[in-house]
Amino acid sequence: MTKTSDKLALIALVWLALSMFDGGGNPFAPAPIDAPGLNVLIVEETEARHTLPFAQVVAMGSVEWKEYVKAKSGEWRQYDSEADLKNDDAKWRQAFARPRTSLPWLVVSNGKTGSEGPLPANLDALLSEIKKYGE
Amino acid sequence: MYTTPLAGRFIIDDSNAKDFAAAKSTPDGMSRGYQQRDWDAHPLGSFCAPFALPEIPESEWRERVEEKQRRRATPKFHKALAGFDSLDQNGTNYCWINAIIAGMHYARAMNGLPHVALSPASVGAPLKGYRNVGGWGSQGAKYAQEHGVCPQSLWPANGISKKYDTAEAREARKNFIICEFYELKPNDFGQVATALLNDFTVAVGLSWWGHEVLETELVATPNGDFGTDIDNSWNKRWGNNGHAILNRSKSTPDDAVAIRLVSPTVK
């Protein structure tokens, strides 16, 4: 490998690493929901909703991002972490079963790629994250 | 100061509540049916855990109401998104269970689940021995938690008959249950406001009206006070597409239930 190609590889690695820690999840990950189309899952603890910053309560409760998902012919779910999903579709059970490190938790997928991570701090950030995968 | 736009809205307050409380104000073919809860026989906590969320200070309500309206972030906005109508108790005395079932419809909509029309009578009828009599919401919520609710495809919304209690209906109702709900303290508007600001609808038994309805959002009124938007069970032709606004004193409940979790079933 030439020195130039070494440098290019290093730059690419740094760029990849930075992309993974941009707070909006990992855009290079394989689709976290194994289904075509835009799918969005929020997992929360409804009993602790009052402990969240109000902007996050508004983000979860707003129909703005839900209308966007619907307009893209996508689907969304918002579930309590203790919900029993035995009567919902397999794609939601699979997404719900993925590891989480905190609540509320967001999973976005377009069938090819997606992201997962803590729920963004407010509605605008949530919409922005979803729109990355809705175009 | 922010106030909920009220022009053209159907409003019930201290100036006109007496008219609504009169039996003649109930639309033709409609009924009420809230039976005042006997708090001595059924004290707070008899049906489920009492509401435990710390109350949001009233000084914060207005700002929160404004932001939730601006970003369309209340249960009421999910009704249009999910595409369901107000229920129609159609002459039965089952307002108390209609309010609970409406609350389940909203909870499902807020989960992103497709709308499934659930049958109030599938709870009210067996709970009341197939009689067309009144009751209160906590009773109905407890029954819906223990036995579930049938879809209207198997049990008509107002079908007070044992013939609907089939094996298929008993199996289907297991899929539509209230998993968790709270009982709110009577006469405590602060708890109602806190539940609504946390996106839990509240089924309220209103002694002054002899009626139970579902409160779907907190509203700021022009006099600097607060009230609630209600979804009634007199079909969508009543009020504003089935809704009205009650001022604080008329919103303040006797029996009150906030629905927190329903079972997520797709069909």
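Not measured: the values here are computed from a predicted model.

Visitor: It is not clear to me how the nonpolar core should be interpreted in this structure. Could you clarify?
Guide: One broad trend across soluble globular proteins is that nonpolar side chains are buried collectively. Residue and element names in this part refer to chain B. Ile-100, Met-104, Ala-193, Val-202, Val-257, Ala-258 and Ile-259 are the most contacted members of the largest nonpolar core, which has 95 residues in total. Take this core: its biggest share by element is 12 residues, from helix H4 (residues 95-111). If we ignore the near neighbours within four places in the chain, the residues touching Ile-259 are Gly-103, Met-104, Ala-107, Ile-178, Phe-181, Phe-200 and Thr-201.

Visitor: Please explain the sheet that holds strand S1 (residues 11-12) of chain B as it appears in this structure.
Guide: Strand pairing in a sheet relies on backbone hydrogen bonds. The paired strands run either parallel or antiparallel. Residue and element names in this part refer to chain B. The sheet built from 7 strands is open, its strands ordered S1-S6-S5-S4-S3-S7-S2 with mixed pairing. For this open sheet the edge positions go to S1 and strand S2 (178-183), each flanked by a neighbour on one side alone. Across the sheet, helix H6 (residues 137-147) is in contact with S2, strand S3 (202-206), strand S4 (211-220) and strand S7 (256-262); its angle to S2 comes to roughly 155°.

Visitor: I keep staring at the pairing of strand S1 (residues 39-44) of chain A and nothing clicks. Help me out?
Guide: Along any regular strand, the residues point their side chains to alternate faces of the sheet. All names here are of chain A. The element S1 is largely enclosed, with a buried count of 6 among its 6 residues. Of the two faces of S1, the one holding Asn-39, Leu-41 and Val-43 and the one holding Val-40, Ile-42 and Glu-44 are both buried throughout. Both S1 and strand S2 (residues 75-80) contribute to a ladder of 6 bridges, which runs parallel. Paired with Ile-42 across the strands is Gln-78, a residue of S2. Pairing analysis gives 5 bridges linking S1 to strand S3 (residues 105-109), with the strands arranged antiparallel. Bridge pairing in S3 places Val-43 opposite Trp-105.

Visitor: Would you mind showing me how to read the interface of chain B and chain A here?
Guide: It is common to report an interface's size as the accessible area lost on association of the parts. Counting residues at the interface gives 24 residues for chain B and 26 residues for chain A. Counting only elements with at least two residues in the side of chain B that touches chain A, the list comes to helix H2 (61-70), helix H3 (75-82), H4 and S7 of chain B. Residues belonging to the side of chain B that touches chain A are distributed by class as follows: 9 nonpolar, 8 polar and 7 charged.

Rules behind the numbers
- Residues numbered from 1 in each chain as written.
- Chains lettered and ligands numbered in written order.
- Predicted model: local features only at pLDDT ≥ 70, side-chain atom pairs only at ≥ 80, totals over all residues.
- Core = buried A, V, L, I, M, F, W, Y, C linked by C-beta atoms within 7 Å.
- Buried ≥ 20, exposed ≤ 12 C-beta atoms within 10 Å, placed from the backbone.
- Helix = DSSP H or I, 4+ residues; strand = E, 2+ residues; numbered from the N terminus.
- Contact = placed C-beta atoms within 7 Å.
- Pairing = 2+ DSSP bridges.
- Axes fitted to C-alpha atoms, helices over the stretch in contact; angles between N-to-C directions.
- Nonpolar A, V, L, I, M, F, W, Y, C, P; charged D, E, K, R; others polar.

Interpretation note: all reported values are geometric properties and have no functional meaning in isolation.
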